[in-house]
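# Coordinates in review
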Amino acid sequence: MTFSEEQVIALAPDAGSVKSGKDLATASKWGLLCVSDKALWGECQGSGKLPYQAQVDLHNLAFKCSCPSRKFPCKHGLALLLLYVRDAARFSRAAEPEWVTQWIDKRADKVEKKSEQKEKPVDAEAQAKRSEARARKIADGIDDLQVWLKDLVRNGLLSVPERAYDFWQNPSKRMIDAQAPGLAAMLRGLGKINYYGADWQYELLNKLTRIYLATEAYKQLNSLPQDWVEEVKSLIGFTQSKEELLAQPGVRDTWQVLSRTYVEEEQITIERNWLYGTNTGRYALILQFIAKAQVPELNLMPGTSVDAELVFYKGVNPLRALMKTQHSVGPFSITGIYNDFNAALQALSDGVSQNPFVDSVPVLMNNVSFYKQGSDCYLVDAKGECIKVRSHQPRDLYLLSITGGRPFNMFLQASETEFEPLSLWADKKYYVI
Amino acid sequence: MQLKETLVNTALIGTGKKPLPANELPDALQASAAMIAESKHDEETKFLSTTAAALNYYRAGVQPVKFSLPANAAPDEKKNLLPGSRFNSAE
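Attention here is on the structure that accompanies the text. Sequence order sets the numbering: in each chain, residues are counted from 1 along the sequence as written. Labels follow written order: the first chain is A, the first ligand is 1, and so on. The predicted origin of the model limits local features to residues at a pLDDT of at least 70 and limits the giving and counting of side-chain atom pairs to 80 or more, whereas totals for whole chains, interfaces and linings rest on all residues. The basis for the side-chain values is all heavy atoms of the structure; hydrogens and waters are excluded.

## Observations regarding the packing of helix α8 (residues 200-219) of chain A against helix α1 (residues 2-13) of chain B
- Inter-axis angles, ranging from 0 to 180 degrees, are taken between N-to-C directions of lines fitted to C-alpha atoms, where helices are fitted over the stretch in contact. Only DSSP runs of H or I covering at least 4 residues are called helices, and only runs of E covering at least 2 are called strands; the numbering of each starts at the N terminus. Two elements in contact, α8(A) and α1(B), have axes whose closest approach is 10 Å; the angle formed by their N-to-C orientations is 80°. With respect to their mutual orientation, α8(A) and α1(B) come out roughly perpendicular. On the side of α8(A), the interface is formed by A:W200, A:Q201, A:Y202 and A:L205, while α1(B) contributes B:K4, B:L7, B:V8, B:A11 and B:L12.
- Residues are sorted three ways: Asp, Glu, Lys and Arg are charged, Ala, Val, Leu, Ile, Met, Phe, Trp, Tyr, Cys and Pro are nonpolar, and all the rest, Gly among them, are polar. For the contact of α8(A) with α1(B), the residue count by class is seven nonpolar, one polar and one charged. For this classification, under 35 degrees means roughly parallel, over 145 means roughly antiparallel, 65 to 115 means roughly perpendicular, and everything else is oblique. In this description, contact between two residues means that some pair of their heavy atoms is separated by no more than 4.5 Å.

## A short note on the pattern of salt bridges
All names here are of chain A.
- What makes a salt bridge here is a side-chain nitrogen of Lys or Arg within 4 Å of a carboxyl oxygen of Asp or Glu, nothing more. Counted by the stated rule, this structure contains 19 salt bridges over all chains.
- One salt bridge connects K388 with D376, and the closest N-O pair in it is separated by 3.7 Å. One end of the pair, K388, is in strand β13 (residues 385-389); the other, D376, is in strand β12 (residues 376-380), with twelve residues separating them in the sequence.
- Exposure is judged per residue with a 1.4 Å probe applied to protein chains only, and the accessible area is read against the type maximum: over 50% gives exposed, under 20% gives buried, and values in between give partly exposed. Taking the relative accessible area as the measure of exposure, K388 reaches 41% and is therefore partly exposed.

## What to know about the interface of chain A and chain B
- Taken together, the contacts link 42 residues of chain A with 39 residues of chain B.
- Defined in terms of a 1.4 Å probe, buried area is the accessible area two parts forfeit on being brought together, summed over both. When the two sides are added together, the surface that chain A and chain B hide from each other amounts to roughly 3600 Å², 63% of it contributed by carbon and sulfur.
- Interface area lost by chain A to chain B is led by A:V153, A:Y202 and A:Y212, which between them contribute 16%.
- Between the two partners, chain A and chain B, sit four salt bridges.
- Salt-bridge contacts for A:D199 lead to B:K4; the nearest nitrogen and oxygen are separated by 2.9 Å.
- Where the side of chain A that touches chain B is concerned, the elements lending two or more residues are α5 (124-155), α8, α11 (341-354), β11 (360-373) and β13 of chain A.
- At nine residues, the largest contribution of residues to the side of chain A that touches chain B is made by α8(A).

## Here we look at helix α12 (residues 395-403) of chain A
Residues and elements named next belong to chain A.
- What α12 keeps buried is the set R395, D396, L399, I402 and T403. One side of α12 carries all its buried residues, which in axial view fall inside an arc of 135°. Relative to its buried face, α12 has exposed residues pointing more than 90 degrees away, namely L397 and S401.
- The first or second residue beyond α12 is G404, which carries a positive phi of 55°. Think of it as the arc spanned by the lines of direction from the helix axis to the C-beta atoms.

## Description of the packing of helix α2 (residues 27-38) of chain B against helix α3 (residues 43-61) of chain B
Residue and element names in this part refer to chain B.
- Packing of α2 against α3 leaves a shortest axis separation of 10 Å and a crossing angle of 165°. When the axes of α2 and α3 are compared, the pair comes out roughly antiparallel. Every pair of crossing elements has a handedness; the one defined by α2 and α3 is right-handed. Where α2 approaches α3, its residues A28, L29, A33, I36 and A37 are matched on the opposing element by K46, S49, T50, A53, A54 and Y57.
- Looking at the contact of α2 with α3 residue by residue, the classes come out as eight nonpolar, two polar and one charged. By definition, any crossing whose near helix is turned counterclockwise from its far helix by less than a right angle is left-handed, and any crossing with a clockwise turn is right-handed.

## Notes on the side chain of A:N355
Residue and element names in this part refer to chain A.
- When you line up the elements, N355 lands in the loop between α11 and β11.
- Given a relative accessible area of 4%, N355 falls into the buried group.
- If near-sequence neighbours (up to four positions away) are discounted, N355 is found in contact with W228, E231 and V316.

## Some remarks on the nonpolar core
- A:W148, A:L157, A:F167, A:L183, A:L190, A:Y195 and A:L204 are the most contacted members of the largest nonpolar core, which totals 53 residues.
- For this core, the secondary structure elements donating two or more residues are α5, α7 (181-190), α8 and α9 (226-236) of chain A together with α1, α2 and α3 of chain B.
- Broken down by element, this core gets its largest block of residues, ten residues, from α8(A).
- Excluding residues that lie within four positions of it along the chain, A:L204 makes contacts with A:L157, A:V160, A:F167, A:L190, A:I193 and A:Y195. In this text, buried Ala, Val, Leu, Ile, Met, Phe, Trp, Tyr and Cys residues form a nonpolar core when linked through side-chain atoms within 4.5 Å.

In structure tokens form, the structure reads like this:
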């Protein structure tokens, strides 16, 4: 397993933990430093009578410590992993003591138990009744929504910016009532358009027609192929049961963890992890929904790889996936796939033509450099062709300071309007943006 | 680019005042546009259906504007580090 120091630091919950973790990452502060195939553990003298026992699960990256800190991971866990990254030779190989095996086994048990839960008798009749009632509610809601959409295009979109704050709110609430949260979210998206921007007309029309397309597709659900039935149902807001998905056979591969980004939405942080399977050539997106002060279940570190089995959600060319079983963590190793922007654009074109609801596609590229002239930013490919990217600070400075104009391998999110760099790597160094 | 403008302009003014000029659509879209036009739906439904197809066609073929710029890389940074610094061995 190889992590870099930056990657360990990225795991810290805040800047204070980074500092205290670094301070503690000297061998003299530790009474015991051991490693096995499964875990790292050590004892660190703190302010208490007994030394704190810190441990790190190496298979399925996780931390535990006996200290009273509520931060996660705490400074001891961070320091332990930092020490290991800097100088693994300092750790003596040993068999896990009881306090380590206990925790590791409990973690493994938990995973097993999760798959055992269910087996509850299902009241099929009540379930059928409920889904029938929901179908009726959605059908009514969709009728209302289509009337609203038609009114908008009949009267013209010219006056929309004046009521940009609330014109979408009533139909959005109506869709919640109709138990179609997916449509409600699409309607909320109308409020996020920049109505002072140059191209709001196109953005608005684009979003409106896609909402219309989703409603119309749902009305014709019975005549669609199975993949599309699932795709359309997810768009409307039907959730797929995690347990059922995890019972399906997964895709085992060495998944390279490409990037991790966070989106805040209604008090919940959504963590987006992009993965790429080297053998299958598939991309996967693993989402984690984290409420305040909650510890994420899964810890995927960008710039490493995991040998794991993923289950994809049902749909058309699905990207979203769930982690089924994680076998081991390994080093990151891929190079970009596309050499120039034309190939990347072709991938975008394929994605959009196969699924009209696709906004952007993930793209891995070789030899892309970042260039800034005045206030405009560009990405330059190996052929010297440039694509303008939306500039925003402090990302631009960060990108410039890393790349210095030199070409890097890059992971990008490509949409018709912009290419968004998410991470880059060269010379065995990995940077997340 | 003209396709996008045609659709956007019609939507801005409203189909109540100016219906979509279907004959201005590209050839590739004519067949589906004709099929939608023949249906018995109202004008707004026809507009939304045609636009859904046309915008997907547009999005699948859109090319961001490309330029050519001289790209000059910055020279490598040379740090003078203290002897024994752990950065020396790492590089």
